[in-house]
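# A structural walkthrough
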Amino acid sequence: MNRQSGFTLVELTLVASLLAMVMAGIATFLSAATTSIRLDDNVAVAMESLQRSAIRVSQVMRPCSISTYRVLSTAADVPLTAAAAGEWIEPVDGESRAAIQFRSATGALSLNAEQLTDPRGFRLEVETGETANGADDDNDGMVDEGRLMMNYDGIPVALASNLEAATFTLNGRLLTITLQSAARTRAGVMQRFVANEVLYLRNN
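Here is a short report on the structure shown in this document.

Each value, and the rule that gives it
Residues numbered from 1 in each chain as written. Predicted model: local features only at pLDDT ≥ 70, side-chain atom pairs only at ≥ 80, totals over all residues. Heavy atoms only, no water. Pairing = 2+ DSSP bridges. Helix = DSSP H or I, 4+ residues; strand = E, 2+ residues; numbered from the N terminus. Buried < 20%, exposed > 50% of the residue type's maximum accessible area, 1.4 Å probe, protein only. Lys, Arg positive; Asp, Glu negative; His and termini not counted. Salt bridge = Lys/Arg side-chain N within 4 Å of Asp/Glu carboxyl O. Contact = heavy atoms within 4.5 Å. Patch = residues over 30% accessible without salt bridge, like charges linked within 9 Å, V, L, I, M, F, W, Y side chains within 5 Å. Areas by Shrake-Rupley, 256 points an atom, 1.4 Å probe, with all protein chains shown as cover.

With that out of the way, let us pick up the pairing of strand β4 (residues 99–102). Examined bridge by bridge, strand β1 (residues 70–72) and β4 share two bridges and lie antiparallel to one another. Paired with Arg70 across the strands is Gln101, a residue of β4. Sheet topology note: the β4/strand β5 (residues 120–126) ladder contains four bridges and is antiparallel. Paired with Gln101 across the strands is Gly121, a residue of β5.

As structure tokens, this is what we get:
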């Protein structure tokens with residue numbers, strides 16, 4: 001008579017328990033991996049968005065008439081170059097500013113900017129809950145974050161958000177546009193990154 005060996009109920013229960021533990025471990029690993037990938041994607045998306053914003057700003061700035069380029073004065077400018085903070089004053093070469101105003105030639109390729117648009121400009125507007133004090137007031141990992149507001153012929157437009165800094169630096173005819181943002185990495189820390197665009201302002 002042939003004897004057939006098989007698993008006892010105790011053995012089957014033990015195997016099922018071990019299998020359940022292994023599957024639970026795999027599920028936990030996959031969940032953690034998915035979260036890490038998502039967070040990495042957040043950083044990549046934020047960097048790509050920042051670069052696109054910098055390109056959009058440069059496109060608006062390209063036909064700028066350099067003779068109309070002005071920066072917003074601060075308390076540090078009083079009384080040397082401004083009577084009071086909040087005035088539009090001429091820029092200083094190599095000095096970064098967070099708020100600018102200018103007029104553009106009506107044709108982007110016009111070297112003789114005889115016909116100009118109404119004033120346009122950019123400035124970083126700190127979001128609600130934040131103060132421009134170099135600290136993370138709302139505990140979200142970002143410092144002094146806000147959105148870049150564009151005044152386009154009298155119409156306010158939010159051009160970029162989640163910015164920690166936005167500066168404009170003029171050197172001769174070279175204008176450097178710098179935008180800074182941040183996103184949280186898989187390790188739970190904030191990763192900061194910068195996008196730069198450099199323009200040669202041809203229009204007088």
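Right, let's get into the side chain of Glu145. With respect to the helices and strands, Glu145 occurs in the loop between β5 and β6 (146–152). Lacking a salt bridge, the buried Glu145 has Arg192 as its closest oppositely charged neighbour, with an N-O distance of 7.7 Å. Excluding residues that lie within four positions of it along the chain, Glu145 makes contacts with Val126, Glu127, Glu130, Asp138, Asp140, Leu163 and Glu164.

This part covers a nonpolar patch on the surface. A cluster of nonpolar residues, Leu174, Val198 and Tyr200, forms a patch on the protein surface that exposes about 310 Å² of accessible area. Among the secondary structure elements, Val198 is positioned in strand β9 (residues 190–200).

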